[in-house]
Amino acid sequence: MKKIIYLILGLVVGLFIFSPVQAQEKSWYFISWDIDIQINQDSTFVIKETQTFDFTGNFHWVKRDIAKRKLKRITDVKVFDEQGKELRFPDIEITEDSSQVSIKVNFDLTDRQAAWTFQYTVHGGIGYFEDHDELYWNAVSQDRDVKINSVKVIVHLPEEVEKSELKQRLFVGPYGATTESQNFSIVDKKTLEYRGQNIAPYENFTIVAGWPKGIVYQPGMVKIYSEPEGASIVIDGKKTIYRTPAILEEKEEIETGKHEITLTMRGHKETETKEVEIVEGKLYELNFTLEKTLLYQILPFIYLLIPILAFILLLRRWLRYGKDPKWKGTIIAQYEPPRTKTRLVQGRPDYIAPAEMGTLIREGVRNKDITSTLIDLAYRGYLKIFEEEKKRLFTRRTTYKIRKLKDYSQETTLRAHEKLFLDGLFGTSQEVTLDDLKNKFYREIPGIKRSLLQQVLNLGYFKESPDKIRIKYIGLGIGMAVAGGALFIFLPLLAFMVLLSGILCLAFAKAMPAKTKKGSSAAWQTWGFKEYLHTAERFRLDVCTPETFEKHLSYAMVFGVEKQWAARFVDIYKEQPDWYVSARPVAAFSVISFTDNLSSMTQTASAALTTSPARSASGVSGFGGGGFAGGGGGGGGSSAG
């Protein structure tokens, strides 16, 4: 038998080692990236990128994203294969958006080298300065995860100039790097060359080519600035789509000749008119200051009234509807829970239940309130809890089993939430483990919470369901926050004030549920009962009996003072209760250890009873250019697959 197992294992390992899928890893890189840039007299320039790829494995496409950063537009996009043949759809796919032009080449190649030439015309990529013009260009795609063995860039000017009037710089490195390379040269009076070796993934290869003014057409331009920014530009009485700050270029955004420029902005007076004459090579700079209208000056104070009024209205509603009636005065220790005075429950004459007590004082239902019901029902004889230890190789894990002790279907003394709790716990079973309840019992919790809220409402402790009141104000707050978000683009100050009012609604939501006079009295007694549980040794030591300990233990757990409650009974409570069976019997029972175990159990129970199935999560990721690396225009991304 062992020989057969070893033989099977050997075959599996052999298949894994010699599998062609494992032996062949898919990878690629650029052997070379050669760029030819022809600058035209009209200030456009034509780029030809010849990219040579090395593919290991089977590939079906390459993609080149050309970023439009610092450009007006890209036109005449073409792709040629190694034989110089222009490719058409479906061999290539060209798409464009506001940030980039994407070129995808489709093919089916395995373990070979291949080259394509990407050609396109760039408009608006030349920089104009007082003493020179220049091309500042991210020559290769920086958004790529493969190396480039060699790069060569050649820039051709439209006419010859003296070599002494030509300038060059070259930056190689990650975004923001200022390290310069001197690997460039002037080939002749109209040609500049740049070279690079072993360009690492995500590195930029950014060239700067400078030449004297006059050999490339410089359109007339007007730069328009305003204080504040964002004003609409009006040319010859017609409102345009442009806003300050803006650079308007001859024949692109503004016609040659004389023009009258004014600015408009909501809440501000129209500016004075300024004249400009757009001619070739001439640059104007216009600066405007906009004056606020009287209404716009006082609007911030009007907007400020919105959250102030919201606060006043919310405060008035709280004082009128949300403020609890005054308590009797100083909290005095109470030796029993508040009485409901409405019914009789087996094992506890008309006392408020632990979960009802938690709901009363916190005006809502916590998971801890629900799990306290487990201990209360065990004490009252409806169920029994068994602590079990499961041993593993190096660890021990404590689990819990719960057994139903009697049929409660016809029980008339159970509260509604207790009946729902037992139904959710056992269903048709007589015995369950906490592991059985994971991802199941959570469905019962909303119904139990609704039942508890309805019970304290029926007892006359609240004017209206606390949850409904909170939801009302939370909904109002969220609605105002959404309205503020919608207004932010147009009226940011008003949007902020509306958003602030929404936040005030959310803040008041917790305080708005109001107790009745009866509820306030019960809350006063409840806090007095907590005082007794927390510091029992100060009060009526004669009532501290083993029966008292068990009867009030679930209440102490609601308040989180079960350890303090147990400390009082160290010398009184000597035997483990019959409703809890420990997995680790000890010679001398300790009420402190027992309470610690019980706290651990309720924490485990709370986690188990509230656990719901995990939901799947999905994310979106993709590869794109963007053009935010390097200092010049262009750039983009490259990928293959």
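Please refer to the structure placed before this passage.
Sequence positions are assigned chain by chain, starting from 1 and proceeding in written order. The predicted nature of this model means local features are confined to residues of pLDDT at least 70 and side-chain atom pairs, given and counted, to a pLDDT of 80 or more, with totals for whole chains, interfaces and linings taken over all residues. Where side-chain values are given, they derive from all heavy atoms of the structure, hydrogens and water being excluded.

1. So, the sheet that holds strand E17 (residues 257-264)
What the 4 strands build is an open sheet, ordered E15-E14-E17-E18; its pairing is antiparallel. Two strands close off the open sheet at either side, each with one partner strand: strand E15 (238-243) and strand E18 (274-278). In this sheet, adjacent strand axes meet at a mean angle of 40° when their direction is disregarded. Pairing of strand E14 (residues 232-235) with E17, which is carried by 4 bridges, proceeds in the antiparallel orientation. Each bridged residue has a counterpart across the sheet, and for Val234 the counterpart in E17 is Thr262. Strands were regarded as paired on the criterion that DSSP finds at least two bridges between them. For helices the rule is a DSSP run of H or I covering at least 4 residues; for strands it is a run of E covering at least 2, with both sets numbered from the N terminus onward. What counts as an axis is a line fitted to C-alpha atoms, over the stretch in contact for a helix, and the angles between N-to-C directions run from 0 to 180 degrees.

2. Some thoughts on the packing of aromatic side chains
Two aromatic rings from Phe, Tyr or Trp, using only the six-membered ring of Trp, form a pair when their centres are within 6.5 Å; if the ring planes differ by under 30 degrees the pair is stacked, by over 60 it is edge-to-face, and anything between is tilted. Applying the stated criterion across every chain yields a total of 14 aromatic pairs. For the ring pair Phe55 and Phe107, a centre distance of 5.7 Å and an interplane angle of 35° mean the geometry is tilted. Here the residue Phe55 occupies a position in strand E2 (residues 45-67), and Phe107 occupies one in strand E5 (residues 100-123), the gap between them amounting to 52 residues. Given the relative accessible area of 2%, Phe55 is considered buried. A 1.4 Å probe rolled over the protein chains alone gives each residue an accessible area, and that area as a share of the maximum for its type sets the label: buried under 20%, exposed over 50%, partly exposed in between. Phe107 gets classed as buried once you look at its relative accessible area, which sits at 15%. Pairwise contacts between aromatic rings join Trp28, Phe30, Trp33, Phe53, Phe55, Phe59, Phe107 and Trp116 into one cluster.

3. Remarks on the environment of Gln297
By the element assignment, Gln297 lies in helix H3 (residues 294-322). Looking at Gln297, the relative accessible area reads 41%, which means it is partly exposed. For the pair formed by Gln297 and His268, sequence separation is 29 residues and the distance between their alpha carbons is 9.4 Å.

4. Observations concerning the pairing of strand E4 (residues 92-96)
Where E4 lies against E5, 5 bridges are found, and the strand directions are antiparallel. By the bridge assignment, Glu96 is partnered in E5 with Val101. Between the antiparallel neighbours E4 and E5 lie 3 residues.

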